[in-house]
Amino acid sequence: MAGSMDAVGNILPNVLKAEASDDKDEFARMQSFVGAIAVADIVKTTLGPKGMDKILQSTDENKRHIITVTNDGATILKSIMVDNPAARILIDISKTQDEEVGDGTTTVAVFAGELLREAEKLTQMRIHPQTIIAGWRLAKDAALTKLKEISWSHEDDESFREDLLNIARTTLSSKLLTDDREHFAQLAVDAVLRLKGVNNLDYIKIIKKAGGTMKDSFLAEGFILEKTISTGCPKRLENPKILIANTPMDHDKIKIFGSKVRTDSMQKVAEIEEAEKGKMKKKVEKILAHKPDIFINRQLIYNYPEQLMADEGVMVIEHADFDGTERLSSVLGADILSTFDNPEDASLGQCELVEEMMIGEDKVIKFSGCGGKACSVVLRGSGAHVLDEAERSLHDALCVLTQTVINRNVVYGGGNSEISMALAVDEIAKTTKGKQALAIEAFARALRALPTIMCDNAGFDSAEIVQNLRSEIASGNTTAGLNMVDGEVSNMKTEGINECYRVKEQALHSASEAAEMILRVDEIVRCAPRKREG
Amino acid sequence: MSLVFDENGRPFVILRDQDKKQRVKGLEAHKANIIAARTVANLLKTSLGPKGMDKMLVSPDGDVVVSNDGATIMEQMEVEHQTAKLLVELSKSQDNEIGDGTTGVVVLAGALLEQAQALLDKGIHPLKIADGFEKACEMAVDRVENIATELDIEAHEHEELIKCAMTALGSKVVSKQKRKLAEIAVNAVLSVADMERRDVNLDLIKLVGKTGGSLEDTSFIDGIVIDKEFSHPQMEKEVKDAKICILTCPFEPPKLKTKHNLEIKNKDDYEKLYEIEQKYFTDMVKSVKDSGANLVLCQWGFDDEANHLLMHNKLPSVRWVGGVEIELIAIATGGRIIPRFQEITPEKLGNAGHVKEVNFGTTNEKMIVIEECSNSKAVTILTRGGNKMIVAEALRCLHDAICVVRNMIKNHKIVPGGGASELSASIYIQEEADKIETIEQYSVRGFAEALEEIPLALATNSGYDAMQYVSDLKEQQVKSGNPYYGVDAMNTGNNQMIEEGIYESVMSKKQQLQLSTQVVKMILKIDDVIAPSEYA
């Protein structure tokens, strides 16, 4: 029987498939640690306001020219291909963080990585992983309580807006938009406040148009649709009534199954064609009975109905995409219509002004003065890569802001929350009995690693500064934080560096859950890879 | 493999292509099989108990699964060896039958095989060993039944059930939230349990996982969650006192099953057809509306026109609802599944107090929650967690816990956990073994030793000096005559299992003993393995 032999000469049969592998204990754990830490190290240098960006290039020969320049942890991690299972878990938490709160994607990966780095040391000291986990759980609870304690929320709108602006500035400061962050922070806060608490970013449309500079980006108070108005229609309308439809305007298919046209003479063909036209005409008439000034359809509009409507002085916009119609309907307060038999029941949308305008060289249609929630952000910039990254940064900021609007709690940034939590964790480590205390201390070290990395990335003397910060906070100066411009400890309240409580909380949860999960593993079984045909 | 020769020294073909096959016979086959099976069992040994470790499994496509559940690990491992596969089947059948104890059953089988190997070395015939094991298994089952106690599951608001579920969850990654998850599991089972028949239909408990949030956000919903959204973005997002029309027919003109041709010959035909088509849609929507329904769930899709008509008539609707979900909803809301529009009547509508669409996270994912159903038989557990793997594992854990609770309702009898039952059975068998006259005595004793493997593994995983610890336990059990001393894996300082609330259902324990003995017997009976050679 095939198989290797053990020391005594017993034949060991192959239990798993030929290419499968099975690693146990130290080997398995080492693999997890190495993999997870390596992934965390990849994104580590992007952390903080002075973090660096990465260039991502596709492995596909044909797509080599497509590159992405980014600072966003989730984007980087999503694009790298890894084989190490522990690394995959880290990538997955970053993805979840992105989906759940939109920002802090780098932080989770780095924090989980740091936790595992500490765990590696502890296991080398022969502390059982389960003991480490028990300690971490105590530590995490203490950290969360502290985080809750140091967070605050402003009830009145004026100071809340200031909080939001601070958060937006802080989030954007680590991104490409740093230079124009004031501009973009205002922009993002305005956009989010328009939502009035609705957690749906669909209402904010981001339009990218290459050209101009970042400063030229603006928030359109109305809604911008990247479509053109059909020829022969008016280009500007004031206080129009707008009908939004999702209906075929090429020709109505007969939906009854199995029907087909069979005639015996040319004349009859002509008749049917006439009937078809008549049907379309009737449909147009029905639509016109709603008395719209503007007709927007999700689907194609053929020339014939288009011409019929243009004759009536109706502005026609065809091929508005799926997203577009939905957003438009909510902006304008219109129903999306598919049948047109009851003009009295159907609600049409309204706004103050619809006009065609130019952004750069492209024509777009702008709907302004429509008191709804939606708005559009037009991003300008010198190139596609810049715009893509700007969109990602802005998206992050918007996500964080919507989260803050829902859960109004805010904490100080600049490493203030991490250090405060680390201090609280250290505190319980002193009173905890047994080996768990070592794990609790390790948790605190991992928390402190975050501001340290931020300092390192900015090129400051991290050990010195972080220790200073620690002593400041420990001696009661609860607003102290890192100033990444001058490389010193300063007051976060006056600097206006705030972060969203929800993001921090989620990051703490996901990172410790993932680290725990990886640490619990003592064996990795890899199945034989599936054979691909060809 | 050596060829067989006849009396004249010519090679002799027994199996077709025999040089391409490999064959192991006799004692060698036994040993090879045992080693293979033990390799698998050893893999699971470290997962046993509350301090057990997890395994990380990488599937052929590179997906990662992290699990502590024996059945899942075995299934994902893609074991190739024939006898090892038997063990995979073993944990699977424990999973199907009981739902928990899938690791224990494999570890026990491994321990039995280890003993069998030693007995084989002594020269005892495999069948004798098998018979001895069989006999010992009966004794063990008897003993387990003897030490079992009845549990009052209703006492203290089902506190005992919660404890049981907590024991099952204690060994998993979710152990931090075990109290909460146990309560959820017990709640879920009790809401669907049929206490008179002592039966629980697990189909009525739906487990839904959604990545995001943390394990603490896992919630119990007294109703149903479907991973869908309302078909038209402008429909009402919330319906109170919903009357639900459950349809399994599409909002489309009917399609005849018979082959037919519909010919349009002239203008009139064309126009008539158009009218009829329009009428179909309005009639359909009207028949729904007339029945008094204010919510439509459809198994099929409907096109834009129908969609708009529904919206226009203030009928929020959901399309493409899965078949299983449709059935669940029908059961929960007391509605009937309606296959044709002609058959819609007010009596057939289902009732639910509250139906709403919920948003998750930043990616605009929506789910529909149906609560306060009139029949309220179906419930849902919505599991959240930091990443995909943890949600998947949490779902498996909850499934285990639910099974455990169900078993308790089926059979109120319990035995102590923490290896105490095995130890007590082992002691009992050791005593009885000496009274057996044949050489089966040895194999019966072997069985007793194999049983000790469970507390040993538990003690090892919990970081004790296993040998010392288990011998102490044994001494305590024998001296006090109390079979409830077990491994104090959580290090609470008390190893009285029942006091600590660590127990398992007697059904599960019996099943474990019987299943593993059966498999071991089966493996012992094999004395010839013929397999196509890898080198052919």
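Everything here concerns the structure above.
Residues numbered from 1 in each chain as written. Chains lettered and ligands numbered in written order. Predicted model: local features only at pLDDT ≥ 70, side-chain atom pairs only at ≥ 80, totals over all residues. Heavy atoms only, no water.

(A) View of the overall build of chain B. What chain B contains, in helices and strands, is 16 helices and 22 strands. Here the C-alpha coordinates of chain B stretch approximately 95 × 75 × 40 Å along the principal axes. Looking at chain B as a whole, 57% of its 536 residues qualify as buried. Summarising the internal contacts of chain B: among those between residues at least 6 apart in sequence, 74% fall at separations of at least 24. When the accessible surface of chain B is summed, it comes to about 22500 Å², and 48% of that surface belongs to carbon and sulfur atoms. Computing the positive centroid from 62 side-chain charges and the negative centroid from 83, chain B places the two 3 Å apart. (Helix = DSSP H or I, 4+ residues; strand = E, 2+ residues; numbered from the N terminus. Buried < 20%, exposed > 50% of the residue type's maximum accessible area, 1.4 Å probe, protein only. Contact = heavy atoms within 4.5 Å. Areas by Shrake-Rupley, 256 points an atom, 1.4 Å probe, with all protein chains shown as cover. Lys, Arg positive; Asp, Glu negative; His and termini not counted. Charge placed at Lys NZ, Arg CZ, Asp CG, Glu CD.)

(B) Structural detail: the pattern of salt bridges. Applying the stated rule across the entire model yields 40 salt bridges over all chains. The partner of Asp522(A) in a salt bridge is Lys55(B), with the nearest N and O atoms 2.5 Å apart. Within this pair, whereas Asp522(A) is found in strand 23 (residues 521–526), its partner Lys55(B) is found in strand 4 (residues 54–58), the two belonging to separate chains. The burial state of Asp522(A) is the same as that of Lys55(B); both residues are buried. Among the ionic pairs, Glu432(B) bridges to Lys435(B), the shortest N-O distance being 2.9 Å. Given the relative accessible area of 62%, Lys435(B) is considered exposed. One connected set of salt bridges, linked through shared partners, spans Asp41(A), Lys44(A), Glu114(A) and Arg117(A). (Salt bridge = Lys/Arg side-chain N within 4 Å of Asp/Glu carboxyl O.)

(C) Quick peek at the interface of chain B and chain A. Contacts between the two partners involve 88 residues from chain B, matched on the other side by 90 residues from chain A. Our count for the chain B to chain A interface comes out at three salt bridges. With a closest N to O distance of 3.0 Å, Asp54(B) and Arg520(A) form a salt bridge. Broken down by element, the side of chain B that touches chain A gets its largest block of residues, nine residues, from helix 8 (residues 267–290) of chain B. In terms of residue class, the side of chain B that touches chain A is built from 34 nonpolar, 32 polar and 22 charged. Pairing of strand 23 of chain A with strand 4 of chain B, which is carried by five bridges, proceeds in the parallel orientation. Note that in strand 4 of chain B the partner of Val521(A) across the bridge is Asp54(B). (Nonpolar A, V, L, I, M, F, W, Y, C, P; charged D, E, K, R; others polar. Pairing = 2+ DSSP bridges.)

(D) Looking closely at the sheet that holds strand 16 (residues 353–359) of chain A. Residues and elements named next belong to chain A. Ordered in space as 8-17-16-9, the four strands form an open sheet in which the pairing is antiparallel. For this open sheet the edge positions go to strand 8 (223–225) and strand 9 (236–238), each flanked by a neighbour on one side alone. On average, each strand axis in the sheet is tilted by 35 degrees relative to the strand beside it, whichever way the strands run. Across seven bridges, the pairing between strand 16 and strand 17 (residues 362–368) is antiparallel. The residue of strand 17 that forms the bridge with Val354 is Phe367. (Axes fitted to C-alpha atoms, helices over the stretch in contact; angles between N-to-C directions.)

(E) Inspection of the nonpolar core at higher detail. Counting residues in hydrophobic clusters, the biggest one holds 79 residues, and the most contacted among them are Leu247(B), Phe251(B), Val288(B), Val355(B) and Ile370(B). Broken down by element, this core gets its largest block of residues, nine residues, from helix 11 (residues 388–410) of chain B. The contact partners of Leu247(B), leaving out residues within four places of it in the chain, are Val288(B), Val296(B), Leu297(B), Cys298(B), Gln299(B), Ile326(B), Ile338(B), Phe341(B) and Ile344(B). Ranked by size, the runner-up nonpolar core spans 78 residues in total, among them Ala40(A), Ala515(A), Leu519(A) and Val521(A). (Core = buried A, V, L, I, M, F, W, Y, C linked by side-chain atoms within 4.5 Å.)

(F) The layout of surface pockets, seen in detail. By volume, the largest pocket is sized at about 1400 Å³. Lining the largest pocket we find 47 residues, and of these His128(A), Pro129(A), Gln130(A), Thr131(A) and Lys51(B) sit closest to its centre. Of all elements in the fold, only helix 1 (25–44), helix 4 (105–124), helix 5 (129–150) and strand 23 of chain A together with helix 1 (26–45) and helix 13 (440–461) of chain B reach the threshold of two or more residues within the lining of the largest pocket. Ranked by residues supplied to the lining of the largest pocket, first place goes to helix 5 of chain A with eight residues. Taken together, the residues that form the lining of the largest pocket break down as 13 nonpolar, 17 polar and 17 charged. (1 Å grid on protein atoms, 1.4 Å probe; cavity = no way out; pocket = protein on both sides within 12 Å on 5 of 7 lines; lining within 4 Å. Points joined across faces, edges and corners; volume = space filled by probe spheres on them.)

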